[in-house]
Structure formats: structure tokens, C-alpha cells
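Here's the letter readout for the chains.
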Amino acid sequence: MKDKINKFLTEGDKSTIAEITGHNINTLLAEVKDWSIFNNIKKHVETEYDKLGMHLVRCLLAERILEHKRSLLTDLKFVSDYPEYKKFMEDGVYVWENFSREDYTRYNNLLRYLTARPNSNFSTPNGARIDEIKGYDVQCTLHVDTFFPAFKLFGYLHDVSEQHGPFAYVKGSHKNTKNKLKFLYETSCTRSNAVLNENLTRNKNIERWNDSLRLITKNDYCITHSDINQYLEKYGLPPESIITGNKNSIIIADTSGLHRRYPASNGFQRKTSRMSIERVNPFNI
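Residues numbered from 1 in each chain as written. Predicted model: local features only at pLDDT ≥ 70, side-chain atom pairs only at ≥ 80, totals over all residues. Heavy atoms only, no water.

Draft legend 1. Region of interest: the packing of aromatic side chains. Evaluated as defined, the whole model comprises 15 aromatic pairs. Between Tyr94 and Trp96 the ring centres are 5.9 Å apart and the planes differ by 85°, which places this aromatic pair in the edge-to-face class. The exposure class of Tyr94 is buried, given its relative accessible area of 18%. In this structure Trp96 comes out as buried when scored by relative accessible area, which is 5%. With a centroid separation of 5.3 Å and 80° between ring planes, the pair formed by Phe183 and Tyr235 is classed as edge-to-face. Note that Phe183 is positioned in helix H7 (residues 178-197) and Tyr235 in the loop between helix H9 (225-234) and strand E5 (240-243), a separation of 52 residues in sequence. What makes Tyr235 buried here is its relative accessible area of 10%. Taken together, the aromatic side chains of Tyr94, Trp96, Phe99, Tyr104 and Tyr107 make up a single cluster linked through ring pairs. The cationic tip of Arg58 hangs over the ring face of Phe147; the distance from NZ or CZ to the ring centre is 3.9 Å. (Phe/Tyr/Trp six-rings, centres within 6.5 Å; stacked < 30°, edge-to-face > 60°. Buried < 20%, exposed > 50% of the residue type's maximum accessible area, 1.4 Å probe, protein only. Helix = DSSP H or I, 4+ residues; strand = E, 2+ residues; numbered from the N terminus. Lys NZ or Arg CZ within 6 Å of the ring centre and 35° of its normal.)

Draft legend 2. Region of the structure containing the pattern of salt bridges. Overall, the coordinates contain 13 salt bridges when judged by the stated rule. When the shortest N-O distance is used, the salt bridge between Lys14 and Glu11 registers 3.6 Å. Taken together, the residues span about one helical turn, with Lys14 and Glu11 both in helix H2 (residues 11-21) at a distance of three residues. For Lys14, a relative accessible area of 18% translates into the label buried. Under the relative-accessibility criterion, Glu11 is labelled exposed at 60%. Taken together, the shared-partner salt bridges in this structure form one network comprising Asp13, Glu63, Arg64 and Glu67. (Salt bridge = Lys/Arg side-chain N within 4 Å of Asp/Glu carboxyl O.)

Read these as spatial facts, not as claims about activity.
Here it is in C-alpha cells:
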């Protein structure tokens, strides 16, 4: 992994890490003796190295390696001209409205390019899941699934309005911008410190203990749209977007961006199909 850091992280990446953490990346590279625990798909590794920027390094390295893999897909390069691709790369989420069989080839090409898996054939979301959330649920808190680009798809099986509890996303938060990295740094350091030094357990606080890094507000359980947006503004991040859609819409999302299940109004249900694209070691080339 250390050799990949030297190969793929740019000087700009290293400068950003130093600015956020106050530590030169060379300090981290010198102090870590065993890289094996970080060179895997574990979402978050509790470690004192987070203070030196370890979590940020993993995030940026995974992003740069995926960019490199996409650059090698010469046979799929035309996908970069798709408006769906351009919109996804801007927002981290794309709503494919009124999806039909005629859209499949384009859909499959898009996912092949996004994931850098040119030989895969991707199905569409399947099954049917009914969600009826009244009040608080941990999935209604804003969070990132993991440190590297990861793709989930949701099919709306009926017209989904705000009242049904739709998918919600902070557009652009799939990119490791300086503002997102500041959020990740603060959150990863807080979590590691709590686990390592404060005996944090799942039973004590599932929001802070949870492996998916979550937006922690003055109330860990904050799920109010307006309150969440105030905290996002504190980090210089865009406001939350509520992703409503018509029946037969498919949502493609990079869940390394901030997202959640928006709370449904009392008496409303959301019926969706789902698909998660297999997560593999992001550092394999």
C-alpha cells in the first residue's frame, strides 16, 4: 500500500492532508510499520494514526486508483460523453427516470465505466422491500458507507414523494474535496479516540460506534432536514437533497457520499427494489 501512496497521491493531495491535519504525510509513512490492517475493505480501522491523516490517505488513494482504472478503459471511453455519466460525476447520484428495457445497454455501460469493471453485466435492482419509518431510526442519520467509492441502486416501485421517506443525498459529497476531508478527519479522529480511549461500545452509542461515519450533531440522533443542513453548512458542504421520483425510476448512488433514508410521514410506506454492487478491495489494480 505504501508504494501505491507514493505512486498515486498527488502533491496537491499531500498538501491538503497536511493543511487539514497539521502533519506532513511523511510522518505517517515513517511511523506506520504494518500496513496490512489498512490494505483491505474494512470501512474504518480504529487507530491513533487517524490524527496523522490515515483515514484521509485511504479515501484519497482509493479515489485516485479508481480514476486510474477508468483511464485504462479505452473501449468504454465513449461513456464519459453520456449525460448520465456527467451528471453522476457532478452529483454522486443519478435518477434514471422511467427506466425501460431499451435503456439497459446504456445503463450497463455506465455501471461498467463507473466501477471500472468492463467485463461485468449488471442486473437492475430486484426484489421488493417495504420501509415504514415512524420517528427515529439510525439509517435516518446522515452517513457515509465506507471510505472508497461504493455503488447502490434503488428502484422506486411507486411514485415516491417526500412523505414516503425517499433516499436523501448531499450532492457532490462523493468527491474528496477539502471540505469533505475536514469532515472525515474530525469524525474519524473522534470515533477512533472514543473506541480506543473512552471504551465506546455499540450499546453505549450506536451512532458514534457505527462503522459508517455519521454526521454527529449536538444530538446524535438528529434527523431534522433543517438542522442537518445547518451542520453541513458548518463544514462548508452542500445542503441535503431529497431524491423523490416516479414509479420505475432507478437511483444510482455512490454511498461514499453523505446519504440517508429520509424519515417518512406517519402512515406512509416506501416500496423499493435494491441492488448493492459487490465491494472489492479498492487498492487492487
